[in-house]
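What follows is the residue order along each chain.
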Amino acid sequence: MSTATFAAELVGVQDELLRFAYKLTSDRDEANDLLQDTSLKALNNKEKYKPATNFRGWIYTIMRNIFINNYHRIVREQMFIDTTERQYHSGTPQDEPSENAESTYDLKEMYCVVNTLPKEYRVPFSMLIAGFKYREIANKLGIPVGTVKSRIFFTRQRLQQVLKDYR
């Protein structure tokens, strides 16, 4: 496919791509940024496009992949894992007093129990509490999803077992 034909095809789908980007981002400025990133990536990789294939499908796939990669990058940047030995204060409001002494004691006990577990159980559980999905945890740690689920299940069972008197 010639450069002129490729550029004409790309210009022809700009309006559709902008609508699709807006559906993905729900923000006009982010949609425009996503459209620009998609167009640049398509132009930089035009030699990878096979003329006998669906151009719109190819360009929509590029946009969707850029959106997903940006989302994962934002999630990774917002993640904070406290590697200190005493993690029972992480994730709790420091400025606000607790509603009652029992809830503080339960939270401290829970973190103490989690911190006594080996790292391979503690890290996936902490990531799940931080909002990661099982697949994201598996990808980040380089282990199978089933292993992540079983380690989190084990951690939950251990917490229930140790903290059953506090219910």
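Residues numbered from 1 in each chain as written. Predicted model: local features only at pLDDT ≥ 70, side-chain atom pairs only at ≥ 80, totals over all residues. Heavy atoms only, no water.

*Asks:* Explanation requested: the overall build of the protein in the structure shown.
*Replies:* Scanning the protein for helices and strands turns up eight helices and zero strands. The linear arrangement of helices and strands in the protein, starting from the amino end, is α-α-α-α-α-α-α-α. A burial count over the protein gives 27% of its 167 residues as buried. For the protein, long-range pairs separated by at least 24 residues make up 61% of all intrachain contacts whose partners lie at least 6 apart in sequence. Accessible area for the protein stands at about 11700 Å²; split by element, carbon and sulfur atoms hold 51% of it. (Helix = DSSP H or I, 4+ residues; strand = E, 2+ residues; numbered from the N terminus. Buried < 20%, exposed > 50% of the residue type's maximum accessible area, 1.4 Å probe, protein only. Contact = heavy atoms within 4.5 Å. Areas by Shrake-Rupley, 256 points an atom, 1.4 Å probe, with all protein chains shown as cover.)

*Asks:* I keep staring at helix H2 (residues 14-25) and nothing clicks. Help me out?
*Replies:* Every α-helix winds through 3.6 residues per turn, so residues three or four apart in the chain are directed the same way. The terminal C-alpha atoms of H2 lie 16 Å apart, and with twelve residues this matches the ideal 16 Å at 1.5 Å per residue to within 8%. Taken as a whole, H2 has its buried residues at Leu17, Ala21 and Thr25. In an axial view of H2, the angular spread of the buried residues amounts to 60°, which keeps them on one side of the axis. Exposed and facing more than 90 degrees away from the buried side of H2 are Asp15, Arg19 and Lys23. (Expected span 1.5 Å × (residues − 1). Arc of directions from axis to C-beta.)

*Asks:* I'm lost on the nonpolar core in this one. Help?
*Replies:* A general tendency of soluble globular proteins is for nonpolar side chains to be buried together. Grouped together as the largest cluster of nonpolar side chains are 16 residues, with contacts concentrated most on Ala42, Phe55, Trp58 and Ile59. If you list the elements that add at least two residues to this core, you get helix H1 (3-12), H2, helix H3 (28-44) and helix H4 (55-78). In terms of residue count, H4 provides more of this core than any other element does, six residues in total. Setting aside chain neighbours within four positions, we find isoleucine 59 in contact with Leu10, Val13, Leu17, Thr38 and Ala42. (Core = buried A, V, L, I, M, F, W, Y, C linked by side-chain atoms within 4.5 Å.)

*Asks:* I tried to follow helix H6 (residues 119-129) on my own but got confused; where do I start?
*Replies:* Those residues of H6 lying buried are Arg122, Val123, Pro124, Phe125, Met127 and Leu128. Positive phi appears at glycine 131, one or two residues downstream of H6, with a value of about 110°.

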